[in-house]
Structures are given as C-alpha cells and as structure tokens.
Amino acid sequence: MKIRSSSIRWLCQGSAFLLAAGMVSAAAVEQPEFYRDVYPFLKSNCLACHNKTTAKAGLNMETPELMIKGGDSGPSIVPGKSAESLLVEASVHSPDIEMPPPNNKSGAVKLTTAEIAVLKTWIDQGAKAGEQMERQVTFKALSPGIDPIYSLALTRDGRFAVCGRAHRLFLYDLATRQFVAEITDSAEKSGGAHRAMVQSLAFSPDGTRLASGSFREVKLWKRETVSADSPAPPDPKPADEALLKKIAETGKVAILNHQLSADGKVLVTGCADGSVRVWDTASAKSLAELRGSAAVVKDIAAHEWTVARETLEQAFQKAEVTRIEAQNKALDELLKKAQDAIVAMKKVLPEKQKAVKPAQDERANAQKAVDEVLAKIKAAPGGKADEGLEKELKNAQEKLAPFAMKETSALAAVSATENNIKDSEVEVKRINESKAKNAAAITAANAAIEAAKKSQEKAVADLAAAKAALTKPTAKPVAVAFSPDGQRAAAVFDDGRLTVWAVTTGIAIEDQAGPAAPNATLAVRQDGSFSAVGPDGKGRIAGAPVRWVLERTLGGDKDPHLFADRVNAVQFSPDGKLLATGGGEPSRSGDLTLFDVATGKATATWKDRHTDIVMSLDFSPDGKRLASGAADKIARVTEIATGKQVNLLEGHTHYVMGVAFRADGRVLASAGADGVVLSWDMILGERKKKIEGWTKEVTSVQFIGATNQIVTSAGDNRVRIVNDEGGEVRSIAGLPDFMQAAACTANGATLVGGGEDSTLRIWSGADGKELAAFAAK
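Figured I'd write up the structure that's included with this text. (Residues numbered from 1 in each chain as written. Predicted model: local features only at pLDDT ≥ 70, side-chain atom pairs only at ≥ 80, totals over all residues. Heavy atoms only, no water.)

**Some words on the overall build of the protein**
Here comes step 1: Helices and strands together make up the secondary structure of the protein, namely nine helices and 41 strands.
Here comes step 2: Taking 2.2 N^0.38 as the reference for a compact globule, 777 residues should give roughly 28 Å; the C-alpha atoms of the protein span a radius of gyration of 39 Å, well beyond that estimate.
Here comes step 3: Taking the principal axes of the C-alpha coordinates as reference, the protein spans close to 150 × 90 × 45 Å.
Here comes step 4: Buried residues in the protein amount to 46% of all 777 residues.
Here comes step 5: The long-range fraction of contacts in the protein, counting pairs at least 24 apart against all pairs at least 6 apart in sequence, stands at 52%.
Here comes step 6: Accessible surface, the protein: about 37400 Å² in total, of which carbon and sulfur atoms supply 52%. (Helix = DSSP H or I, 4+ residues; strand = E, 2+ residues; numbered from the N terminus. Rg over C-alpha atoms; globule rule 2.2 N^0.38 Å. Buried < 20%, exposed > 50% of the residue type's maximum accessible area, 1.4 Å probe, protein only. Contact = heavy atoms within 4.5 Å. Areas by Shrake-Rupley, 256 points an atom, 1.4 Å probe, with all protein chains shown as cover.)

**Brief notes about the packing of helix α7 (residues 294-354) against helix α8 (residues 356-379)**
Here comes step 1: For the pair α7 and α8, the least separation of the axes is 4 Å and the interaxial angle reads 20°. Classed by the angle they form, the pair α7 and α8 counts as roughly parallel. Note on element contacts: α8 touches α7 through Val-356, Lys-357 and Pro-358, opposite Lys-352, Gln-353 and Lys-354.
Here comes step 2: For the contact of α7 with α8, the per-class residue count stands at two nonpolar, one polar and three charged. (Axes fitted to C-alpha atoms, helices over the stretch in contact; angles between N-to-C directions. Parallel < 35°, antiparallel > 145°, perpendicular 65-115°, else oblique. Nonpolar A, V, L, I, M, F, W, Y, C, P; charged D, E, K, R; others polar.)

**So, the sheet that holds strand β26 (residues 614-619)**
In a beta sheet, neighbouring strands are held together by backbone hydrogen bonds and run either parallel or antiparallel to one another.
Here comes step 1: Taken in spatial order, the four strands make up an open sheet running β26-β27-β28-β29, and their pairing is antiparallel. What marks the edges here is a single partner per strand, and that holds for β26 and β29 (645-650). Between one strand axis and the next, the sheet turns through 20° on average, direction left out of account. (Pairing = 2+ DSSP bridges.)

**Some thoughts on the packing of aromatic side chains**
Here comes step 1: Summed over all chains, the structure comprises 10 aromatic pairs.
Here comes step 2: Seen in terms of ring centroids, Phe-34 and Tyr-35 are 4.8 Å apart; in terms of plane orientation they differ by 80°. Their pairing is edge-to-face.
Here comes step 3: Judged by its relative accessible area of 0%, Phe-34 falls in the buried class.
Here comes step 4: With a relative accessible area of 11%, Tyr-35 lands in the buried category. (Phe/Tyr/Trp six-rings, centres within 6.5 Å; stacked < 30°, edge-to-face > 60°.)

**Description of empty space enclosed by the protein**
Here comes step 1: The final tally for this structure, using the stated rule, is one cavity of 30 Å³ or more.
Here comes step 2: Its boundaries defined by the atoms lining it, the largest cavity holds a volume of some 80 Å³.
Here comes step 3: Along the walls of the largest cavity sit 13 residues, with Leu-562, Phe-563, Gly-584, Asp-591 and Thr-593 positioned nearest its centre.
Here comes step 4: Secondary structure elements with two or more residues in the lining of the largest cavity: β23 (578-583) and β24 (590-596).
Here comes step 5: Partitioning the lining of the largest cavity into residue classes produces four nonpolar, five polar and four charged. (1 Å grid on protein atoms, 1.4 Å probe; cavity = no way out; pocket = protein on both sides within 12 Å on 5 of 7 lines; lining within 4 Å. Points joined across faces, edges and corners; volume = space filled by probe spheres on them.)

**Topic: unusual backbone geometry**
Note: most peptide bonds trans; most residues except glycine with negative phi.
Here comes step 1: A positive phi angle, close to 60°, is found at His-93, a residue other than glycine.
Here comes step 2: As for its placement among the helices and strands, His-93 is situated in the loop between α4 (86-91) and α5 (113-124).
Here comes step 3: With a relative accessible area of 23%, His-93 lands in the partly exposed category.
Here comes step 4: Residue Asn-717 is not a glycine yet carries a positive backbone phi of 65°.
Here comes step 5: As for its position among the elements, Asn-717 is in the loop between β35 (709-714) and β36 (718-723).

**Topic: the pattern of salt bridges**
Here comes step 1: Using the criterion set out here, one finds 44 salt bridges in the structure.
Here comes step 2: Close ionic contact of Arg-588 with Glu-585 constitutes a salt bridge, the shortest N to O distance being 3.4 Å.
Here comes step 3: For Arg-588, a relative accessible area of 21% translates into the label partly exposed.
Here comes step 4: One network of salt bridges, in which partners are shared, links Glu-313, Arg-662, Asp-664, Arg-666, Lys-688, Asp-724 and Glu-725. (Salt bridge = Lys/Arg side-chain N within 4 Å of Asp/Glu carboxyl O.)

**Description of the environment of Ala-344**
Here comes step 1: Following the sequence through the fold, Ala-344 ends up in helix α7.
Here comes step 2: In this structure Ala-344 comes out as partly exposed when scored by relative accessible area, which is 33%.
Here comes step 3: In sequence terms Ala-344 and Thr-417 are 73 residues apart; their C-alpha atoms lie 9.6 Å from each other.

**Some remarks on the sheet that holds strand β15 (residues 488-493)**
Here comes step 1: Across the sheet, four strands lie side by side as β14-β15-β16-β17; this open sheet has antiparallel pairing. Taken across any chain shown, the strands that pair with only one partner, and hence form the sheet edges, are β14 (477-482) and β17 (508-512). Within this sheet the neighbouring strands show an average axis-to-axis angle of 15°, counted without direction.
Here comes step 2: As judged from the four bridges shared by strand β16 (residues 498-502) and β17, these two strands associate in the antiparallel manner. Looking at β17, one finds that Leu-498 is bridged to Gln-512.

**Remarks on the nonpolar core**
Here comes step 1: Core analysis: the biggest nonpolar cluster contains 21 residues, and Phe-34, Val-38, Leu-42, Met-61, Met-67, Leu-119 and Trp-122 have the highest contact counts within it.
Here comes step 2: Counting residues per element, the ones that place at least two in this core are α2 (34-45), α4 and α5.
Here comes step 3: The dominant element in this core, judged by the number of residues it contributes, is α2, at six residues.
Here comes step 4: When neighbours within four sequence positions are excluded, Phe-34 is seen to be in contact with Tyr-39, Pro-40, Leu-42, Glu-62, Thr-63, Pro-64, Met-67, Trp-122, Lys-128 and Ala-129.
Here comes step 5: Judged by nonpolar contacts, the second largest core, of 16 residues, contains Ala-175, Val-492, Val-524 and Phe-530. (Core = buried A, V, L, I, M, F, W, Y, C linked by side-chain atoms within 4.5 Å.)

What follows is the structure, encoded as structure tokens:
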C-alpha cells in the first residue's frame, strides 16, 4: 500500500501539461489562456510554495481567483493592469522583490522572457480563468520486474491470503500452503486485476468479498463456488496388502478403508479409532493424523479468542483498579490537608472574631472625636473652621485612620478565615464525592474482572473439551479419498459427516453434514471436490473449487472523478456492510469515502479530512469510528454517524503508514515512516507509549486477535511483533528486502509478509520459522 515513483506509469496529454519551459507559441502570446499557457510555468516555478497546503505569505496561486484575492501583501495580480501586479514585479526580479528566490529548495527558476510576456498579456486581457482541461491519463505496461508486494490481506479465519504484485492479484491457501489462483478482470487489457499498481487490499469479515484499491479505482470481488459437473479421475490403484499390514503393525492401528494418492507415494487410511491418517508408502511412516472437523476448528478458534479477550479485559480492569487506588491515595492526602485546614481555621476563628469588637469600639471612639470637631466647625461663623479647628480636625482624622485600618483588618481576618473554612469544606465534599465515584468504579472494575475470569474459565474448559474431542472421536470413517493433487484428504463418517482436511497442516477446512451413513461411498472428482453418497443415493459435495468474480468497480473510467488519485487504503466495517476508502491528491488533500457494499453507492464523503494523502484505515471493533493515518503525519478518528472528528493524534514526524484498533477499542496503534509505533489511549485520547527499535519506516501495523500484541512490517527488512507497552515479542530479521506489509491470523499461529522482493512469506507465529515462500509467477 505504499507510494513508489514506479507505482503508476502514465502520460499526461494535452497542452495544459507542457513540461518544457518557454514552449509558448505566438498565438498563445496574442490570446493566452490560463490553464493552457500560464498554469504550466506557474506550476513548475511557483506552486511548490504557493498552493493549498503550503501558502507562503498567505498566497495561493493555483487559480486566477486566488491570485486576485492575494496574500499578506495584497492581490498578486490586478486584472487589466500587469504593470501594477506584484506577480509581474516579482517575476522580472525587481530590486524590491524577486520570485522565485535564487537557490530555492524546490528547484524553481526565474521565468523566461517569453513566459513573462505571456503572463503580462494574460493579465492585461483581464486575467480570465478560462476552461480547465481535464488531465488525460494513458496507462503503459509496467516494465518486467516491477512487481513488489505493496499490500496483502488475510481472511478472518486465516484460511486465505491475497497479495498484489504490480497490477495483479494472487490468492493463496494457507491451510494447504498452495497458490490457488490469480484474480483477474477479463476487461483489463493488462491481463491483471487493475491497470496500475495494487495499492490496498481487504477481505470482508466473512471472507466472501475482496476489495482492491489502485489508481482512481476500487474493485469489489465476490467469491463464488464453481458448481459445474466434473468427471471423476481414474480410480487409484489399490494398496498392496503387505504395505497395509506393515502400516497396521508399525502404526498399531486397525485400517477400515484406504486410498492411494495418484502418484502412489502417499496412502490415506480410515482407522477403527476414528482417525484418518496419512502414510508414506516407501517407509510406512505416519505423515499426518487428521482428526476433528471444521466445526471443531471454528469452535477452538472462538474459545481461543474468548480466552485472549478476557485476558485483555482483566489486565485492563486490574490496571484501572491500580490507577484508581493510586488516585484515592492522592485524594486521601488532599482530604487530610483540607480537614486539617478546617480544624486549624476553626481553632483561630474565635480569637479573630474576638478582636473585631475592640477594634470597632476604638474606631467608633475615634470617629466620634472627628464628628465632634466637624460639629464645631459647622457651628462656627459662616461654617468655616479657623486655624485651631482645622488643626484639631486634622489631629482627630489622623488618630481615626489607624483605628479604621485596624477594624478593617480584623473584619478581613474573620472573613478570610470563614472563607478558608468554607473552601476547605467544599474541597472535602468534592474529594468525598470523587472517592465515592472511585469506589463505585473499583466495584465495577472488580465485578468486570470476576465476570471476565468466569468467562475465561468457561472458555478454557470449553477449549480443553474441544481439543479432547479431537483425540476421542465418536464416529468412524467409512470411506476416505485424496484430491487429485494429493494436497487434501476427505473422509465420510458413519454419522453422515463429510470432512475435508489440508494434508500439509492437518487443518480441517470444510464439513458437510448428512444423515447417518454406515455404508456411504466417497468419490473424488477431477476438479478436486469430493462426493459422498449415502444409502439413499443422495450425494453431497465438499471441497468444490471457488472463483473470484468482479462484482463492481468504484471509480475507474465510468466515474473518473470519484477518487483523486491512488486509493491507498481500503477497509470493511466489522459487519461487512460498509467499505471505507482512503486516498487524496498528493501534498494537497486526504479524502475518506464510505460505500454501501451491497449497492456500491457512496454513503459519506469527507474531503480534506487530512491535508495530505490517506495511507491507512481501520474501523473500531464496534464499527462506530474510523481511524485514518496520512502523509500529513497525523492520525485522526472520525465518528461514522456524524462525520465529526473525535480525535486528532499528533506525535509522528513522518507519514502515518498504518493504524489499527485493539480488539477492545481502548487502544489504537499507529505506525510511522519515522520508524516508530505509537500506542494511543482512546479513552483519554492521549499517547500511551512510544515504541522504538526500527531503523527505517514502519510500513504496516495490526493487532493480533484479541491480544495486546502488534505485528509490524518495516523497511529495515524485518517483521516484528511487539506489545502495546513496547515490549518485543518476536523479530523475524534478515529478510532479503524492504518489507511493505505483514498480517497475522487471529490466534497468532501464522504470520504472512511481503515486500520489494515480490515474495509472499509464511512463518510460524510460535517460533518465527519460515513455513513457505511464494515468489512472483
């Protein structure tokens, strides 16, 4: 899903995209048009610093209207008056202003004399916008060898993996560890799935749909079962009786039925203990023991998910209890301080109150003396004070001032003490309310811990019972068979069940239920499917081949304006009803669009949600929020119902190349081209942990199942697993080339990754051992 200069080979046609400076005709000078004659040299030499996202000096020069609007220095052009236009003054490099400046980082150069002449003529003729010509894109065949894996996807059950190489899609069966098919669009002249590089991939939750994103288009593919009749291959030769006897003796099994593979090198047997076993005919050694059913495999996966989910829940709730208890400890300290303050203030309050009355009496006596002098002055002839009265008044007022100050101070001391008591009482009430809320929260957290513990204990018991059932089958195989390629084996049991296994891994991949059939027969068809027929003559088919057909195209030639450029991210909602896409125009916009999967209609479009291209998407587990990471170095979270941005997560210093929600939705991980993974607390909306240890771009990120473990791919030739607290779980290092994408099955058993060397690799999640590698075909 990563951007590379070789990703799309296209030619821009039309005079609006002339590349050579100075290619201006005489006719153009006489009647210049903006998009045909002016825009090309502005784009080459001005727009790098004066565009939508980088408008230096507040000036955007992408349209005539924006240039007339101008920037910090006013309009850059004045229609009809080129001599008064700042843009012309800057272009001719006047003493006061010269643009573009010399030795600039954009590689922009001074406009030629011919270009300046066109610019002046265009302005003098009114600086009209004219009609913008559509960018014509012509695709050319990709050069041989340009086939890196930029994106891959796994079905939720871990059965299938798909990867994009160049414009092609390749599907693999992880159970049989085989290449299955190339997914193609018959309408594409390229012979692949798209005309341009595959940038993004996602399976629907049920695994029946696949979305692939490329240049200006997304294709939705649907899985279909091929139901055509298929002839049976030649009957295999029966096994030698001596071989059967040797196997029975060395394997200590009672063989009920058997079948040789087409090449005679492998034998499958149905045994009296209910097992189906695969043997090497040369050595009579056991190669695989096939037990259980696809239903049991599904149940085991569900129980493992529950165990992991409840482990995560308990860890979170325990951390909450620890956090709240630490908060309570701090509150207790604050409470003690507030209570101590109340006691101390109440202790000194009577003394301060006692000081008020004497101070008031002293002020009153001093005021009385002043009043008496004022009365004398009033009674004097003409109501005027003589020199003696003036002196007497002054002395009385001077004596009053300190007594008034003393009274004010005494009252203020009482008021301050009473206010301190009130404030402390309010603080005590607030602290007690907080502690009460915390007590309720601790009670709720402990209850959640107990509920999770019980759920986990039940899941552990159910898991153990399911695994035990694998070793104690209740039905016996009445017929067995191999697929023509020997990669799958099937058995029909006396209880009517028909089960197909992948021989390489021993995984049960399909079941077909049926009525009890102690005498059923089992046949293999040329297409690799198995047909079981019971005593009633009715047959059941399992293992029928499937194909992926194009359901619809979003964008493309029929709607070329739907997507601005590459679709770098696609993601299905948890219920599979919505498809989110992310892209935009490089360095200009980051767009998000939601589509109704059933109809293909856009249900919401959020243009410019980012200021640069969107590179990654993930829905929250409840489907209510959509996280997006972009080349603007920011991760954002959008509320689906309202379209409002609910989180803006800043912390990366380079492109955000991957985002992923944890299974409980409480943590989001983001991967950056700055070589770090950040984990975010989505309850607080704050950064939780900065995880380091990579030396180049971290290109993808995914939480493993319901755990806190994160699988990543990176440009330092590694696939690495860490937890959201920063601890390293496993590192698969020393890979041949830059890794672009990685994913993991929900139970952590299988890892897949791909990158620049075009090879899809499969590893064991338990020890990192490589299990298979699929090179480009």
